[in-house]
There are 2 protein chains.
Amino acid sequence: MKSEKISEFTTGRLSIYLRCLNQLAQEGTETISSQGLADRFNLNSAQIRKDLAYFGEFGVRGVGYDTEGLRQHLTEILGLNRRHRVGIIGAGNLGLALANYKNWEASSFNVVALFDNDRARIGKTSLTQGHAGNNPHGVKIYDVREFPTLARELELEMVALAVPRDTAQAALDMVIAAGIKAVLNFAPAQLEAPDDVKVKTVDLTISLESLSYFLAQPQSEGESDKS
Amino acid sequence: MKSEKISEFTTGRLSIYLRCLNQLAQEGTETISSQGLADRFNLNSAQIRKDLAYFGEFGVRGVGYDTEGLRQHLTEILGLNRRHRVGIIGAGNLGLALANYKNWEASSFNVVALFDNDRARIGKTSLTQGHAGNNPHGVKIYDVREFPTLARELELEMVALAVPRDTAQAALDMVIAAGIKAVLNFAPAQLEAPDDVKVKTVDLTISLESLSYFLAQPQSEGESDKS
């Protein structure tokens, strides 16, 4: 198992800073100090300065950060200045839940296709198959055997794997063979990929572990948060 | 919107260290230095020392950490030395996917009940309703109106909200009224809770943002990882 690199922790925090800045921009706040940002959103001001310094000089001493400028910089650094086309392998409950996830609408990601090997699902959409969720249009479910062709035709850049553990590596191999370089894996499996492909495994139990910590050490913190 | 506190970033890293130590213990590695841990799992050794020092002195200079001792310490700190009983509100695609998520088996969490307001779903299980997934037993779907009673009878400690954005706050209010102190929220909504209740909102788009960063800055890192 390879594990988190620090740079990945950092990009996770940049995502959070960007959400804060988007909210400040909406509210019309033009400048904010690292301390102001920390106080407002329960962050750590030293960590903010360190993280942002890594990507260049964004702030002006005594004035703070230019909200809109920093927002645009972070959007560019994170590659969110254009929409990415995403495919999902697996149209079971998880794949359908992902396809119908309401947050995509406001995000830089566009889920354009689902793939499955179940004939009963192929040809339907994420709305006709299973529960409708919140996606007003629905995402079409294709035969997974068409993936190599459709990945190019649909110009997919990222793929989410929502398949059982036993088939995850085979699905990943197919995705890599089609030239995809960024994969989000939801299967609880340790997957092998070449160095030029980024595979991020999402472990849903980790989110519960921070809640468990809170129950074990309830004095530590009590605020709601976004992560 | 309130956002991540540093202590939550830290608990996230502790979860990752624990996964690494579990693997080392399985392999029979008795001691490991922070540098050894960092090299093996692509972590940052200074960060490891800082994070662990916060919870007391675990290492011996020149020898490193006692793998089994540190593993037990982290398990206790994170409150994972016993299983937590979890309920899920919402038996749509996401709720069913969570209930059938294979990783629970090896985790400290036990999903014991689903709740929904849809008569077509109530009384079924996560296996008879929707796609079977990997859970060999299935989780029963109860009428959400029974939640206040069943939360106590089933001794629920944590609840996952897998409901539409518009009903998330009402669901959370019901959960809090039943005395639950730890809630994992999957709805893209900003929820209000009292200080003694921990609400962790999981934003699935954040995981994709680190992939987007990799595509935008492909030289930055290329390894598979667990997060």
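What counts and how
- Residues numbered from 1 in each chain as written.
- Chains lettered and ligands numbered in written order.
- Predicted model: local features only at pLDDT ≥ 70, side-chain atom pairs only at ≥ 80, totals over all residues.
- Heavy atoms only, no water.
- Helix = DSSP H or I, 4+ residues; strand = E, 2+ residues; numbered from the N terminus.
- Buried < 20%, exposed > 50% of the residue type's maximum accessible area, 1.4 Å probe, protein only.
- Contact = heavy atoms within 4.5 Å.
- Areas by Shrake-Rupley, 256 points an atom, 1.4 Å probe, with all protein chains shown as cover.
- Axes fitted to C-alpha atoms, helices over the stretch in contact; angles between N-to-C directions.
- Parallel < 35°, antiparallel > 145°, perpendicular 65-115°, else oblique.
- Left-handed = near helix turned anticlockwise from the far one by under 90°.
- Nonpolar A, V, L, I, M, F, W, Y, C, P; charged D, E, K, R; others polar.
- Core = buried A, V, L, I, M, F, W, Y, C linked by side-chain atoms within 4.5 Å.
- Pairing = 2+ DSSP bridges.
- Salt bridge = Lys/Arg side-chain N within 4 Å of Asp/Glu carboxyl O.

(A) Representation of the overall build of chain A within the structure. If you tally the helices and strands in chain A, you get eight helices and 10 strands. For chain A, with 227 residues in total, the buried portion stands at 57%. Residue pairs in contact within chain A that sit at least 24 positions apart in sequence constitute 59% of those at least 6 positions apart. Counting only carbon and sulfur atoms, one obtains 48% of the accessible surface of chain A, whose full area is about 9,600 Å².

(B) The packing of helix H2 (residues 34-41) of chain A against helix H3 (residues 45-53) of chain A, seen in detail. Residue and element names in this part refer to chain A. Where H2 meets H3, the closest approach of the two axes is 8 Å, and the angle between their N-to-C directions is 125°. In this view, H2 runs oblique relative to H3, as classed from their interaxial angle. Along this stretch, H2 crosses H3, giving a crossing that reads as right-handed. Contact with H2, carried on its side by Ser34, Gln35, Leu37 and Ala38, involves Ser45, Ile48 and Arg49 of H3 and no other residues of that element. Among the residues forming the contact of H2 with H3, the class breakdown is three nonpolar, three polar and one charged.

(C) Representation of unusual backbone geometry. Phi at Glu155 of chain A is positive, roughly 55°, even though this residue is not glycine. Mapped onto the fold, Glu155 of chain A is located in the loop between helix H6 (147-153) and strand E7 (158-161).

(D) Molecular detail of the nonpolar core. Counting 96 residues, the largest nonpolar core has Leu74 of chain A together with Leu74 of chain B as its most contacted members. Non-local contacts of Leu74 of chain B, meaning those with residues more than four positions away in its chain, are made with Leu14, Tyr17, Leu18, Leu21 and Leu52 of chain B.

(E) Representation of the sheet that holds strand E1 (residues 31-32) of chain A. All names here are of chain A. A sheet is described by the order of its strands in space; here three strands give the open sequence E1-E3-E2, paired in antiparallel fashion. Only two strands of the sheet have a single neighbouring strand rather than two, namely E1 and strand E2 (59-60). Taken together, the two bridges between E2 and strand E3 (residues 64-66) define a ladder with antiparallel strand orientation. When the sheet's bridge partners are listed, Gly59 is paired in E3 with Tyr65.

(F) Just the pattern of salt bridges, in detail. All names here are of chain A. Taken as a whole and judged by the stated rule, the model has 20 salt bridges over all chains. The closest approach of N and O atoms between Lys181 and Asp196, which form a salt bridge, is 2.7 Å. Separated by 15 residues along the polypeptide, Lys181 in the loop between helix H7 (165-177) and strand E8 (182-185) and Asp196 in the loop between E8 and strand E9 (198-201) bring together distant segments of the chain.

(G) Structural view of the environment of Val144 of chain A. Residue and element names in this part refer to chain A. By the element assignment, Val144 lies in the loop between strand E6 (141-143) and H6. On the basis of relative accessibility, which here comes to 16%, the residue Val144 falls in the buried class. The spatial distance from the C-alpha of Val144 to the C-alpha of Phe115 is 4.7 Å, given a sequence separation of 29 residues. Excluding residues that lie within four positions of it along the chain, Val144 makes contacts with Ile89, Phe115, Asp116, Asn117 and Met174.

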